[in-house]
Amino acid sequence: MTKVISVANQKGGVGKTTTCVNLASYLANCGKKVLLIDMDPQGNACASLGVEIDKNKESVYEVLLGEANLSEAIYPSVQENLFVVPSTVDLAGAEVDLVYMDRREYVMKEALANYKKDYDYIFIDCPPSLGLLTVNALTATDTVLIPIQCEYFALVGLGQLMNTVRLIKKHLNPNVEIEGVLLTMKDNRSNLVAQVSEEIKKYFGAKVYDTYIPRNIRLAESPSHGKPILMYDSKSKGALAYKSLCDEFLKKQ
């Protein structure tokens, strides 16, 4: 049965796209058929997977506006079993366009309905905000995976994100649950990092993955080469961390 997972955190720069791309990549490497939907107007997920956008082909923007079916916007990536629905800069205006649509919170859920059966996992890379694009993603999703950078300000926005998830659960998607919480950019030499990690574990308990993602230069380099870390440097610390995350993720399914 297909599982739809939104990777979300309204704070930017916490590793959402990196996690989305690399977890999807390792799952595809395990033989799972995976679709990654890029709902971030920056479009970094596409670049990270070597997807060159054809201006004559549809994107997630046209899907959200009802101008195209999801199947018309799917691209193959550089990796077998991993497919992408790209975003473009047009998506930045989608928040305004969606405001005037009927059932505006359910557009992505309805767009996915006929295609979910074709994939084992569908990941949605959410923008760094809690606007209508993220609301659409959370309404369409089964679970939410939350990457959190190990720093003080990560804790500040956490309550706002969880409140949004609670509101979505109450009013739009009663089945949504937390998939897991992933500590990212972790530097074990810092006392503050250890304190923040402990606070996050107190808040989320068993939902926090044992695996954490360290700061790693190879992980930061791989998107500029259009490859997930598995294909760029499979022996780097970043690659080993995401492989471990994939193993832990699959054990919990």
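Residues numbered from 1 in each chain as written. Predicted model: local features only at pLDDT ≥ 70, side-chain atom pairs only at ≥ 80, totals over all residues. Heavy atoms only, no water.

A. Local environment of the overall build of the chain. Helix and strand counts for the chain come out as 12 helices and eight strands. Expected size for 253 residues packed as a compact globule is a radius of gyration near 18 Å; at 17 Å, the chain falls within 12% of this value. A principal-axis box enclosing the C-alpha atoms of the chain has dimensions of 50 × 40 × 30 Å. Burial status across the chain gives 54% buried among its 253 residues. The chain carries 28 positive and 30 negative side-chain charges, and their two centres are separated by 8 Å. (Helix = DSSP H or I, 4+ residues; strand = E, 2+ residues; numbered from the N terminus. Rg over C-alpha atoms; globule rule 2.2 N^0.38 Å. Buried < 20%, exposed > 50% of the residue type's maximum accessible area, 1.4 Å probe, protein only. Lys, Arg positive; Asp, Glu negative; His and termini not counted. Charge placed at Lys NZ, Arg CZ, Asp CG, Glu CD.)

B. Quick look at the nonpolar core. In this structure, I37, M39, M108, I146 and F204 are the most contacted members of the largest nonpolar core, which totals 52 residues. No other element matches the six residues that helix α6 (residues 132-140) contributes to this core. When neighbours within four sequence positions are excluded, M108 is seen to be in contact with I37, M39, V60, L64, I124, N136 and A140. Grouped together as the second largest cluster of nonpolar side chains are 34 residues, L23, V34, F123 and L182 included. (Core = buried A, V, L, I, M, F, W, Y, C linked by side-chain atoms within 4.5 Å. Contact = heavy atoms within 4.5 Å.)

C. Highlighting a nonpolar patch on the surface. A grouping of Y152, F153, V156 and L192 is seen on the molecular surface, where their side chains present a nonpolar patch of about 450 Å² in accessible area. The element contributing the most residues to the nonpolar patch is helix α7 (residues 152-156), with three residues. Looking at where Y152 falls in the secondary structure, it is placed in helix α7. (Patch = residues over 30% accessible without salt bridge, like charges linked within 9 Å, V, L, I, M, F, W, Y side chains within 5 Å. Areas by Shrake-Rupley, 256 points an atom, 1.4 Å probe, with all protein chains shown as cover. Salt bridge = Lys/Arg side-chain N within 4 Å of Asp/Glu carboxyl O.)

D. Fine view of unusual backbone geometry. Phi is positive for R103, close to 50 degrees, though the residue is something other than glycine. Checked against the element boundaries, R103 lands in the loop between α4 (94-99) and α5 (107-112). The residue M185 is not glycine, and still its phi comes out positive at about 50 degrees. Relative to the helices and strands, M185 resides in strand β7 (residues 177-186).

E. Fine view of helix α1 (residues 16-29). Along its 14 residues, α1 runs 20 Å from first to last C-alpha, staying within 8% of the 20 Å computed at 1.5 Å per residue. The buried fraction of α1 is high, at 12 of 14 residues. Turning to α1, its buried residues number three or more, namely K16, T17, T19, C20, V21, N22, L23, A24, S25, Y26, L27 and A28. (Expected span 1.5 Å × (residues − 1).)

Take it as geometry only, folks, not as evidence of what the structure does.
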